[in-house]
Amino acid sequence: MNDLNFHNPEMIWLIVPVLALTAWWLAQIADLPARLLRLGEGAVVRQLVSSYSPRRELLRAVLVGAAMLLLVGAAARPRYGVRETEVSNAGIDIAFVVDASKSMLVRDVVPNRLKGTSLEISSLLDRLAGGRVALVPFAGIPFVQCPLTTDHEVLRTYMNEVRVDDMPIPGTHIGRAIIRAVDLLTGETERDEAAARGNLVPQFEGSKHKAIVLFTDGEDHEGAALESAKIASAKGIRIYTVGVGSAFGDPVPNISS
């Protein structure tokens, strides 16, 4: 476990094009005198290249190549050794699963259902005494907008950036959203990927107490929500559902106009 390893070893292959580009640049610098001779030796040619400095160009090529190599190294995420640390005030892991379908733009909640959800989540975060939170917006498919973090302000920022017209697939699939949140809270996929990479460092499994807070107007186009809830329950994850909207409703705005 004390050996040097890389979290993203596939990124190391980027060193090859970086070295090739740097070598090509250096070759162009070395070939400059020969190219100038082909142009001629007159005063006009000397005047054209009077401001050119081979030393400065060589230094620029070396610095740019070194910077690109350092970027590749950072992208590969080198790691060395294992350090044990104690996480205090772990509290509870909560995944906020937010319906971002078109119907969440209905204005029966001021200013609309989605913004009302954002305000409610912000209020809940004010009352949380620690713990980790995550954000999973969904429409036809879910995605992780904010992974589990102890920085509640970051989640507020991400929640304010959720847009209905950014959803790649329309519709409302609550079942898929619950499964995605379960996977996020349990970290099973992350541990499987780490094991496949040969990473023997134990992965942090998070708090023993996990919950999903689902904000939706209740319209489910795909079904399977109950089956997904049973899967969450089997893994010890509680689901709290928050209905958004009024009994009277309102027309859905046309976001394309």
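Up top is the structure.
Quantities reported herein were computed from a predicted structural model and do not represent experimental measurements. (Residues numbered from 1 in each chain as written. Predicted model: local features only at pLDDT ≥ 70, side-chain atom pairs only at ≥ 80, totals over all residues. Heavy atoms only, no water.)

Asks: Any details on the pattern of salt bridges? Residues and values, ideally.
Replies: Under the definition given, this model contains 8 salt bridges. In this structure, Arg60 and Glu57 form a salt bridge, with 2.4 Å as the shortest nitrogen-oxygen distance. Taken together, the residues span about one helical turn, with Arg60 and Glu57 both in helix H4 (residues 54-76) at a distance of 3 residues. What makes Glu57 buried here is its relative accessible area of 17%. Residue Asp93 pairs with Lys210 through a salt bridge whose shortest N-O separation is 3.6 Å. Residue Asp93 is located in strand E3 (residues 93-99), and its partner Lys210 is located in strand E6 (residues 210-216); the two are separated by 117 residues in the primary sequence. Assessed through its relative accessible area of 1%, Asp93 is described here as buried. Connected through shared salt-bridge partners, Asp93, Arg132 and Lys210 make up one network. (Salt bridge = Lys/Arg side-chain N within 4 Å of Asp/Glu carboxyl O. Helix = DSSP H or I, 4+ residues; strand = E, 2+ residues; numbered from the N terminus. Buried < 20%, exposed > 50% of the residue type's maximum accessible area, 1.4 Å probe, protein only.)

Asks: Account for the environment of Glu219, with residues named and values stated.
Replies: Note on placement: Glu219 falls in the loop between E6 and helix H9 (225-234). Separated by 116 residues in the primary sequence, Glu219 and Ser103 place their C-alpha atoms 8.5 Å from one another. Setting aside its immediate chain neighbours within four residues, Glu219 contacts Ser103, Thr172 and Ile174. (Contact = heavy atoms within 4.5 Å.)

Asks: Describe the sheet that holds strand E7 (residues 237-243), with residues and values.
Replies: Across the sheet, 5 strands lie side by side as E5-E4-E3-E6-E7; this open sheet has mixed pairing. The open sheet has two free edges, formed respectively by strand E5 (146-149) and E7, since each of these has just one partner strand. Averaged over all adjacent pairs, the angle separating strand axes in this sheet is 20°, with direction ignored. Pairing of E6 with E7, which is carried by 7 bridges, proceeds in the parallel orientation. Within E7, the residue paired with Val213 across the bridge is Tyr240. Contacts from helix H5 (residues 113-127) reach E3, strand E4 (132-138) and E6 within the one sheet, and its direction differs from that of E3 by about 170°. Docked against the sheet, helix H6 (residues 152-160) engages E3, E4 and E5, running at close to 10° with respect to E4. (Pairing = 2+ DSSP bridges. Axes fitted to C-alpha atoms, helices over the stretch in contact; angles between N-to-C directions.)

By themselves, these figures tell us nothing about what the structure is for.
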